Amino acid sequence: DRELFREYVKFAREHCNPVLNDKAQQRAVEAYLELRNMHINKNIITATPRQLESILRLSEALAKMRLSEEVNENDINEALRLVKVSTHSSATDPKTGLVDIDLLVTGRSTSERESFEANIQIIKNIIEEEKENGKEKILVNLIEKMFCEKR
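The structure presented is a predicted model; accordingly, all values stated were derived computationally and were not measured. (Residues numbered from 1 in each chain as written. Predicted model: local features only at pLDDT ≥ 70, side-chain atom pairs only at ≥ 80, totals over all residues. Heavy atoms only, no water.)

S.K.: Would you explain the side chain of Asp-75 in this entry?
M.R.: Within the element layout of this structure, Asp-75 appears in helix α4 (residues 73-90). The exposure class assigned to Asp-75 is buried, which follows from its relative accessible area of 5%. When neighbours within four sequence positions are excluded, Asp-75 is seen to be in contact with Ser-59, Leu-62, Ala-63, Arg-66 and Glu-70. (Helix = DSSP H or I, 4+ residues; strand = E, 2+ residues; numbered from the N terminus. Buried < 20%, exposed > 50% of the residue type's maximum accessible area, 1.4 Å probe, protein only. Contact = heavy atoms within 4.5 Å.)

S.K.: Could you clarify how one ought to interpret the environment of Ser-90 in this entry?
M.R.: Assignment of secondary structure puts Ser-90 in helix α4. A relative accessible area of 39% places Ser-90 in the partly exposed class.

S.K.: Explain the pattern of salt bridges to me, please; I cannot follow it from the model alone.
M.R.: Opposite charge on two side chains makes pairing possible when the charged atoms of those side chains draw close. On inspection of all chains with the given rule, the structure shows six salt bridges. In this structure, Glu-34 engages Arg-27 in a salt bridge whose closest nitrogen and oxygen atoms are separated by 3.5 Å. The residue Lys-84 makes a salt bridge to Glu-34 at a minimum N-O spacing of 2.5 Å. On the criterion of sequence distance, the pair formed by Lys-84 in helix α4 and Glu-34 in helix α2 (residues 22-36) is long-range, its members being 50 residues apart. Take Lys-84: its relative accessible area is 31%, and that puts it in the partly exposed class. Via salt bridges that share partners, Arg-27, Glu-30, Glu-34 and Lys-84 belong to a single interconnected network. (Salt bridge = Lys/Arg side-chain N within 4 Å of Asp/Glu carboxyl O.)

S.K.: Sorry, what's going on with α2 here?
M.R.: Along an α-helix, residues three or four positions apart point the same way, because every turn accommodates 3.6 residues. The end-to-end C-alpha distance of α2, which contains 15 residues, comes to 21 Å, matching closely the 21 Å that a straight helix rising 1.5 Å per residue would cover. Listing the buried residues of α2 in full gives Ala-24, Arg-27, Ala-28, Ala-31, Tyr-32 and Leu-35. For α2, the angular spread of the buried residues around the axis is 140°, confining them to a single face. Opposite its buried face, α2 presents the exposed residues Asp-22 and Lys-23, each directed more than 90 degrees away. Structurally, α2 contributes buried residues whose contacts are with β1 (19-20), α3 (49-65), β2 (70-71) and α4. (Expected span 1.5 Å × (residues − 1). Arc of directions from axis to C-beta.)

S.K.: When you look at the nonpolar core in this model, what are you seeing that I'm missing?
M.R.: Here is a general trend for soluble globular proteins: nonpolar side chains tend to be buried in one another's company. Judged by nonpolar contacts, the single largest core of 14 residues is most densely connected at Leu-20, Leu-35, Ile-55, Val-71 and Ile-76. Broken down by secondary-structure element, the contributors of at least two residues to this core are α2, α3 and α4. Sorting elements by how many residues they give to this core places α2 first, with five residues. (Core = buried A, V, L, I, M, F, W, Y, C linked by side-chain atoms within 4.5 Å.)

S.K.: I'm lost on α3 in this one. Help?
M.R.: Under the 1.5 Å per step criterion, the end-to-end length of α3 is 24 Å for 17 residues, consistent within 8% with the ideal 24 Å. Inspection of α3 places Gln-51, Ser-54, Ile-55, Ser-59, Leu-62 and Ala-63 among the buried residues, and these make up the whole buried set. The arc enclosing the buried residues of α3, seen along the axis, measures out at 165°, which places them on a common side. In α3, the exposed residues that point more than 90 degrees away from the buried face are Pro-49 and Arg-50. Just downstream of α3, Leu-67 is the residue with a positive phi angle, here 60°.

Treat this as a map of the structure, not an account of what it does.
Dropping the structure here:
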């Protein structure tokens, strides 16, 4: 019944403000570190404080659904599971198969960013080389060299 559900949600909002117990606080820290250490590569960010905030908000919501005044370890574990599933589906780099928060934050994965930066450096090196050789048709030579080096 919709009306009963509305009343339930209204009651929970007005009367239930769950807080983390000691074990839940410790588990939240462990969960965040677990997310941070998902991958060995130091260049890839797998979790930010925003993910920790998500775990905390979700765990509080789960406790509210039970009308509990306390967030417990089970709430943290379920929140962690939800964050992992949502992050995995939306922040996995299709090229590497790794979770990369850069993909969510910037729209570009770490591997794409590193590749882009490497290409920029190649272009800068070619331009400098062309300037040193005194060639005036830098743009044409640049394009030719770019395509030759990519092959």
